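Spelled out, the chains give:
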Amino acid sequence: MVVLAGLASQSDSSFEVVVADDGSRLEHQRALLEAPVARRLKLVHVWHPDVGFTASKVRNRGVAAARGDYLVFLDGDCVPEFDFISRHKQLAAAGHFVNGSRVLLSPALTGRAVAGQEQVFGRSALYWIDQRMRGHASKLTQLLRLPDWGGRVRRDFCWKGIRSCNMGVWRRDFETVDGFDESFVGWGHEDADFVLRLHHAGVARKNGFCATEVYHLWHKEAPRDQESLNARTVRERVSTDIVRAASGYSQSRPNDDVQITRIS
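Now for a description of the structure that goes with this document. (Residues numbered from 1 in each chain as written. Predicted model: local features only at pLDDT ≥ 70, side-chain atom pairs only at ≥ 80, totals over all residues. Heavy atoms only, no water.)

### Some thoughts on the packing of aromatic side chains
Step number 1: Tallied over the full model, the rule gives 9 aromatic pairs.
Step number 2: Relative to tryptophan 170, the ring of tyrosine 70 lies with its centre 4.8 Å away and its plane at 70 degrees, an arrangement referred to as edge-to-face. You can see tyrosine 70 sitting in strand β3 (residues 70-74) and its partner tryptophan 170 sitting in strand β8 (residues 166-170), a full 100 residues away along the chain.
Step number 3: Both rings, one in phenylalanine 174 and one in phenylalanine 180, keep their centres 6.1 Å apart while their planes meet at 65 degrees; by these two values the pair is edge-to-face.
Step number 4: Grouped by ring-pair contacts, the aromatic residues Phe73, Phe174, Phe180, Phe194 and Tyr249 constitute a single cluster. (Phe/Tyr/Trp six-rings, centres within 6.5 Å; stacked < 30°, edge-to-face > 60°. Helix = DSSP H or I, 4+ residues; strand = E, 2+ residues; numbered from the N terminus.)

### Some points on empty space enclosed by the protein
Step number 1: Across all of its chains, the model carries 1 cavity of 30 Å³ or more by this definition.
Step number 2: Each pocket or cavity is described by its volume, and for the largest cavity that value is around 40 Å³.
Step number 3: Every residue along the wall of the largest cavity is listed here: Phe97, Arg154, Arg155, Asp156, Phe157, Cys158, Val195, His199, Val203, Ala204 and Arg205.
Step number 4: Secondary-structure elements contributing two or more residues to the lining of the largest cavity are α9 (190-200) and β9 (204-207).
Step number 5: Split by residue class, the lining of the largest cavity holds 6 nonpolar, 1 polar and 4 charged. (1 Å grid on protein atoms, 1.4 Å probe; cavity = no way out; pocket = protein on both sides within 12 Å on 5 of 7 lines; lining within 4 Å. Points joined across faces, edges and corners; volume = space filled by probe spheres on them. Nonpolar A, V, L, I, M, F, W, Y, C, P; charged D, E, K, R; others polar.)

### Considerations on the layout of surface pockets
Step number 1: Space inside the second largest pocket adds up to approximately 170 Å³.
Step number 2: Contributing to the lining of the second largest pocket are Asn99, Gly100, Ser101, Arg154, Cys158, Lys160, Gly161, Arg205, Asn207, Gly208 and Phe209.
Step number 3: When its residues are assigned to classes, the lining of the second largest pocket shows 2 nonpolar, 6 polar and 3 charged.

### Quick look at the sheet that holds strand β5 (residues 96-99)
Step number 1: Sheet architecture is open: 5 strands sit in the order β3-β8-β5-β9-β7, paired in mixed fashion. Edge positions in the sheet fall to β3 and β7 (153-154), since each of these pairs with one other strand and no more.
Step number 2: Pairing geometry for β3 and β8, over 5 bridges, is antiparallel. In the strand pairing of β8, leucine 74 is matched with asparagine 166.
Step number 3: Along the sheet, α9 contacts β5 and β8; its crossing angle with β8, the most-contacted strand, is approximately 35 degrees. (Pairing = 2+ DSSP bridges. Contact = heavy atoms within 4.5 Å. Axes fitted to C-alpha atoms, helices over the stretch in contact; angles between N-to-C directions.)

### Focus on the pairing of β5
Step number 1: Burial of the side chains of β5 extends over both faces: His96 and Val98 are buried on one face and Phe97 and Asn99 on the other.
Step number 2: Alignment of β5 against β8, held across 2 bridges, turns out to be antiparallel. Note on β8: the bridge partner recorded for valine 98 is glycine 168. (Buried < 20%, exposed > 50% of the residue type's maximum accessible area, 1.4 Å probe, protein only.)

Limitation: the analysis is restricted to geometry and does not speak to function.
Below, the structure is given as structure tokens:
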């Protein structure tokens, strides 16, 4: 709920929220849909059964339920600052996607935030300097707001720092590469593959550092059994000109098991 609270507190309220739910249990779905903040945001809930780590599929289905021309991806463990949406809009530019970054929070600060005992967005510089000194925040770049300038743009493909947990992309570019590749199964590197194919399509990367940072809530890491296989697939595609996903957004889904709930 702390992530939704951050979204509900945005300085720019002209956006829609689509929750792409990768198989949460019924009690969690009910808690989300019945929360007052969900009604304030009039969110759309897209859910499919838990069949393992299938982030690519549920993200694609989330995009299918979205109505906007510009898509901002935000993971459910990342709390946005109050100007997150406005900063993404400022950095959005034709022929580019925005790759944001994150501030890692400690288990202790995460616990207080999730319990509603401490708010992490909209805080002062002194607050974050104190949290950094206490070891509860990994960096302080969220305190800076640098302008949109040419130094943000990187036209070559670089694996380092790719974060689909904080990424903005035009829908037309998303559709050009056919979204995330659902042939990636298990944790890891489906986001690198997505960025690589955007690069092959001529879409340049714009870094969102010191503008769009989010606060990453601590949690145990997901199993990484497929990581090496997924990484190998991306490495093999680097030397190709592949643009379209092998199993992507536009594929026929005759037996689609996705459920969509819209809160009006």
